[in-house]
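Residue-level listing of the chains:
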Amino acid sequence: MRNAFSFLILLLTAGTAWGAEKIEPLRIKAYAKTFAIGGYSPALSEGSFQSLNAFRIMPEVTPTSWLNLEGAYEFQPVFQAGYATHPGGTTSSLPRSTASRYRIADLATEIADVEGREFVLYQNLDRLNARLRLPFADVTVGRQAITFGSANTVNGTDVLLPFGFQQLNVEYRIGVDALRFQIPLAQLAELDFGAVVGDGGHMNQSAVFLRTSFALWDSQWALTEIYFGDAWLTGIGLERSIGDIGWNTDLAYMRAPLGERSYARLTSGISYQFSKSLFWTADYHFNGAGGQDAGEYLGVAASFAARRGGVFLAGRHYLISGLSYPAHPLVSVRGQVIAALQDPSVLLTPALEWNIFNNSFIDFGAFLPLGAGALRSEFGSYPAIVYSAFRYYF
């Protein structure tokens with residue numbers, strides 16, 4: 001994006017026009033993260049090692065009570081060997097703006113690389129927006145994060161760059177270029193609508209959305225419509241409590257473009273806190289865009305659902321269960337089991353977080369697939385991954 005940094009600086013200093021007595025000090029947050037990742041791909045019969053690093057700076061200023069300016073820039077040096085040097089090998093682990101089709105213009109994603117792609121330097125101008133707090137609405141214009149959905153895990157209505165199961169550094173959603181209006185209608189009701197603009201402003205690269213949420217019958221409901229120019233998504237979400245059990249449901253139907261298959265997606269599940277510390281979730285997910293068997297999985301990866309519909313699973317029926325437990329005031333343990341019922345195959349994702357000192361964390365984890373390999377099952381074809389990470393927040 002030409003002159004993007006100059007524009008960012010202009011936005012973050014524009015508050016001087018309102019008078020010094022109204023300007024809040026410039027707030028700057030940042031983090032530095034490094035991931036050491038080892039993997040083995042059964043499909044390629046090859047191992048890999050990656051040192052994935054991310055440095056993010058997030059300036060923010062509120063020059064008046066009705067205006068907030070936000071920016072975020074991240075650069076990512078990546079050292080890698082083995083199958084990680086293949087096309088797409090790094091993208092599967094570290095989300096980057098290359099995954100975003102919803103930007104009208106952007107900085108060059110790759111700053112530098114070496115022959116063989118054993119080192120690549122990426123960058124991402126991930127936030128650049130102004131938020132107006134008007135008496136009747138909040139209006140946000142510029143690069144921002146937009147996410148929808150009511151379920152605990154996979155959300156059929158969350159189609160604007162959702163994260164997959166094997167991605168790391170998912171603390172911030174990838175920003176998209178959008179104009180968004182959020183109008184409160186009541187204490188638990190809101191009207192949310194806007195436009196997400198893609199490459200060059202073309203409609204087939206963009207989306208228009210309308211979402212309303214409201215409380216009814218002791219439940220929180222959400223109705224969603226998203227128009228893509230050649231496709232249309234309709235969704236409904238439900239969140240409520242049944243005694244001490246939480247119940248979440250997210251249902252979506254995508255009317256795909258001519259020549260592509262339309263499909264429905266459903267996630268419904270429960271959550272329960274056994275004590276003050278042990279929390280459990282369990283979901284069933286139906287993916288109507290998925291294949292009937294493993295022989296159809298490659299076709300799903302090339303379909304509209306995977307390219308633009310936010311679908312990252314290849315099968316149809318899944319059970320997903322997770323546990324989180326703070327084993328110590330400074331140590332938390334969590335894990336998730338994702339089971340593809342028709343293969344069958346399973347992905348296990350154990351993880352541990354240790355708060356070693358103020359603003360600093362160490363993580364250990366793994367993505368462990370179980371199932372027939374060589375494209376005979378979904379998760380059996382996934383690479384096995386173990387990782388450690390260090391995170392520091394400024």
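Residues numbered from 1 in each chain as written. Predicted model: local features only at pLDDT ≥ 70, side-chain atom pairs only at ≥ 80, totals over all residues. Heavy atoms only, no water.

Trainee: Honestly, the overall build of the chain in this entry has me stumped. Any pointers?
Mentor: Summing up its helical and strand segments, the chain has three helices and 20 strands in all. Since a compact globule built from 394 residues should have a radius of gyration of about 21 Å, the 22 Å found for the chain is in line with a globular shape. For the chain, the spread of C-alpha atoms along the three principal axes comes to 65 × 55 × 50 Å. For the chain, the proportion of its 394 residues judged to be buried stands at 47%. (Helix = DSSP H or I, 4+ residues; strand = E, 2+ residues; numbered from the N terminus. Rg over C-alpha atoms; globule rule 2.2 N^0.38 Å. Buried < 20%, exposed > 50% of the residue type's maximum accessible area, 1.4 Å probe, protein only.)

Trainee: Teacher, can you tell me more about the confidence of the model for the chain here?
Mentor: The predicted coordinates ought not to be read in detail in places where the model reports low pLDDT. Here the chain shows a mean pLDDT of 88. Residues at 70 or above account for 90%. Confidence, read as mean pLDDT per element, is least for helix H1 (residues 4–13) in the chain (43) and greatest for strand S6 (residues 138–144) (97). For residues 1–21, every residue scores under 50 in pLDDT, and the model assigns this stretch 27 contacts once sequence neighbours within four places are set aside. (pLDDT = per-residue confidence, 0-100. Contact = heavy atoms within 4.5 Å.)

Trainee: Looking at this structure, how should I read the side chain of Arg 143?
Mentor: Within the fold, Arg 143 resides in strand S6. Side chain to side chain, Arg 143 and Asp 177 meet in a polar contact 2.7 Å long. (Polar contact = N/O pair within 3.5 Å; in protein donor to acceptor, adjacent residues only side chain to side chain.)

Trainee: In this structure, what is going on with the packing of aromatic side chains? I would like to understand it.
Mentor: How two aromatic rings sit relative to each other is set out by the distance from centre to centre and by the angle between their planes. Inspection of every chain in the model, using the stated rule, returns 15 aromatic pairs. Ring geometry for Tyr 227 versus Trp 232: centroids 5.0 Å apart, planes at 50°, classification tilted. For Tyr 227, a relative accessible area of 32% translates into the label partly exposed. Ring centres of Phe 379 and Tyr 382 lie 5.1 Å apart, and the angle between their planes is 85°; this geometry places the pair in the edge-to-face category. (Phe/Tyr/Trp six-rings, centres within 6.5 Å; stacked < 30°, edge-to-face > 60°.)

Trainee: Looking at this model, I keep getting lost on the pairing of strand S17 (residues 345–348). Mind explaining?
Mentor: Looking along a regular strand, one sees side chains alternate from face to face of the sheet. Alternating positions in S17 separate cleanly, Ser 345 and Leu 347 being buried on one face and Val 346 and Leu 348 remaining unburied on the opposite face. Here strand S16 (residues 331–340) runs beside S17; their pairing, made up of four bridges, is antiparallel. The partner of Ala 340 across the bridge, within S17, is Ser 345. Taking the residues that link successive antiparallel strands as the turn, the S16-S17 hairpin has four residues. As paired elements, S17 and strand S19 (residues 360–370) share three bridges and run antiparallel to each other. Residue pairing for S19: Leu 347 is matched across the bridge by Pro 369. (Pairing = 2+ DSSP bridges.)

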